[in-house]
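Here are the chains, one letter per residue:
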Amino acid sequence: MAVVNRGFGSKGRSDDPRLPPGQHLTDGFPVLSASPTPLIPKDKWAFTLTSETGAQRSWRWHELLDLPSESVVTDIHCVTRWSKFDTHWQGVSVDAILAGVTTDATHAMATCYGGYTTNLPLSELRGGKAWIVYRYGGEDLGALHGGPARLLVPQLYFWKSAKWLNGLRLLVRDEPGFWEGAGYHNHGDPWREQRYEFD
Ligand SMILES: Nc1nc2c(c(=O)[nH]1)N[C@H]1C(S)=C(S)[C@@H](COP(=O)(O)O)O[C@H]1N2
Ligand SMILES: [Mo]
């Protein structure tokens with residue numbers, strides 16, 4: 001008689017309802033970076049919110065840690081077709097960063113040490129849907145995976161989860177980020193298979 005463990009069996013098969021179309025499950029945690037890994041000491045780290053008028057507010061590392069932190073367990077989906085279930089993160093909700101900010105912006109550009117950018121509608125960043133995370137799997141987030149801190153926007157393809165995050169620039173008119181300007185989909189919803197520009 002076969003022994004079927006919960007979390008083994010059919011989990012991650014292509015008919016698994018947790019897998020978006022065209023994805024397969026990975027046990028590892030692949031590293032995908034378009035550039036060399038920047039090494040940013042925490043005492044040199046800063047995150048800057050820039051409004052559409054150019055007004056800026058920055059948080060140093062200890063100020064980020066002073067904001068209320070949340071634990072997040074979520075599935076992630078890379079456009080190169082791997083998905084990973086139940087990843088464990090800790091960080092600050094983007095809502096905490098945007099609290100008290102009055103803006104006409106509809107979108108934001110995430111900016112990074114190293115120069116990567118990715119654009120998102122503010123509606124995907126607010127309402128408990130996005131975090132600035134600094135711990136993964138119970139440990140400080142390693143540099144390969146975007147430490148000291150990265151964006152986590154799990155409802156979109158993982159290229160939207162900018163590693164080595166150093167800011168959000170609020171936009172009244174949407175602009176393409178790095179991959180969005182190179183033929184990838186502007187929005188990137190894995191459930192609608194928005195991989196490439198014309199999907
Ligand atoms: N700054 C930066 N962030 C980035 C990337 C990158 O090249 N640079 N790659 C993106 C892509 S395509 C993916 S799939 C995920 C990969 O995150 P991981 O390396 O932790 O798996 O980071 C995203 N964030
Ligand atoms: Mo990716």
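Remember, it's a predicted structure, so these values are computed and weren't measured experimentally.

**Some points on the pairing of strand β7 (residues 117-121)**
Next up, step 1: For β7, the buried fraction is high: four of the five residues fall into the buried class.
Next up, step 2: By the bridge criterion, five bridges tie strand β6 (residues 107-112) to β7 in an arrangement that is antiparallel. Bridge pairing links Thr 111 to Thr 117 in β7.
Next up, step 3: Following β6, the chain reverses through four residues before pairing antiparallel with β7; Gly 114 in that reversal takes a positive phi of roughly 100°.

**So, the pattern of salt bridges**
Next up, step 1: Applying the stated criterion across every chain yields a total of 10 salt bridges.
Next up, step 2: Between Glu 193 and Arg 81 there is a salt bridge, with the nearest N and O atoms lying 3.8 Å from each other. Of the two residues, Glu 193 sits in the segment after β11 (165-171) while Arg 81 sits in the loop between β4 (70-77) and β5 (82-93), which places them 112 residues apart along the sequence.
Next up, step 3: Put simply, Arg 169 and Glu 175 hold a salt bridge, and the shortest N to O gap is 3.5 Å.

**Overview of the site of ligand 1**
Next up, step 1: Surveying the vicinity of ligand 1 reveals 18 residues, the closest of which are Pro 30, Ala 34, His 145, Arg 150 and Lys 163.
Next up, step 2: In the model, an oxygen atom of ligand 1 is placed 2.6 Å from a nitrogen or oxygen of the Pro 30 main chain.
Next up, step 3: In this structure, an oxygen atom belonging to ligand 1 sits 2.6 Å away from a side-chain N or O atom of His 145.
Next up, step 4: One can see that ligand 1 is located within the largest pocket.
Next up, step 5: Looking at the shell around ligand 1, its residues break down into 13 nonpolar, three polar and two charged.

**Looking at the layout of surface pockets**
Next up, step 1: One number sums up the size of the largest pocket: a volume of about 450 Å³.
Next up, step 2: Around the largest pocket sit 26 residues that line it, and Leu 32, Ser 33, Tyr 116, Trp 159 and Trp 179 are the ones nearest its centre.

**Digging into the pairing of β11**
Next up, step 1: Burial analysis of β11 places five of its seven residues in the buried class, which makes it a mostly covered element.
Next up, step 2: Examined bridge by bridge, strand β2 (residues 46-50) and β11 share three bridges and lie parallel to one another. In the strand pairing of β11, Thr 50 is matched with Arg 169.
Next up, step 3: Alignment of β6 against β11, held across six bridges, turns out to be antiparallel.

**A short note on the packing of aromatic side chains**
Next up, step 1: As enumerated under the stated definition, the model contains 15 aromatic pairs in all.
Next up, step 2: Considering the side-chain rings of Phe 29 and Tyr 136, the 4.9 Å spacing of their centres and the 50° angle between planes classify their relative orientation as tilted. With Phe 29 in the loop between β1 (24-25) and β2 and Tyr 136 in strand β8 (residues 131-136), this residue pair connects regions lying 107 residues apart in the sequence.
Next up, step 3: Taking relative accessible area as the criterion, Phe 29 reaches 18% and is therefore assigned buried.
Next up, step 4: Look at Trp 45 and Trp 61: their rings are 5.1 Å apart centre to centre, the planes differ by 90°, and that puts the pair in the edge-to-face class. Separated by 16 residues along the polypeptide, Trp 45 in the loop between β1 and β2 and Trp 61 in helix α1 (residues 61-66) bring together distant segments of the chain. Of the two residues examined, Trp 45 and Trp 61, each falls in the buried class.

Rules used in this analysis
- Residues numbered from 1 in each chain as written.
- Chains lettered and ligands numbered in written order.
- Predicted model: local features only at pLDDT ≥ 70, side-chain atom pairs only at ≥ 80, totals over all residues.
- Heavy atoms only, no water.
- Buried < 20%, exposed > 50% of the residue type's maximum accessible area, 1.4 Å probe, protein only.
- Helix = DSSP H or I, 4+ residues; strand = E, 2+ residues; numbered from the N terminus.
- Pairing = 2+ DSSP bridges.
- Salt bridge = Lys/Arg side-chain N within 4 Å of Asp/Glu carboxyl O.
- Near = heavy atom within 4 Å.
- Polar contact = N/O pair within 3.5 Å; in protein donor to acceptor, adjacent residues only side chain to side chain.
- 1 Å grid on protein atoms, 1.4 Å probe; cavity = no way out; pocket = protein on both sides within 12 Å on 5 of 7 lines; lining within 4 Å.
- Sits in = over half its atoms within 2 Å of the grid points.
- Nonpolar A, V, L, I, M, F, W, Y, C, P; charged D, E, K, R; others polar.
- Points joined across faces, edges and corners; volume = space filled by probe spheres on them.
- Phe/Tyr/Trp six-rings, centres within 6.5 Å; stacked < 30°, edge-to-face > 60°.

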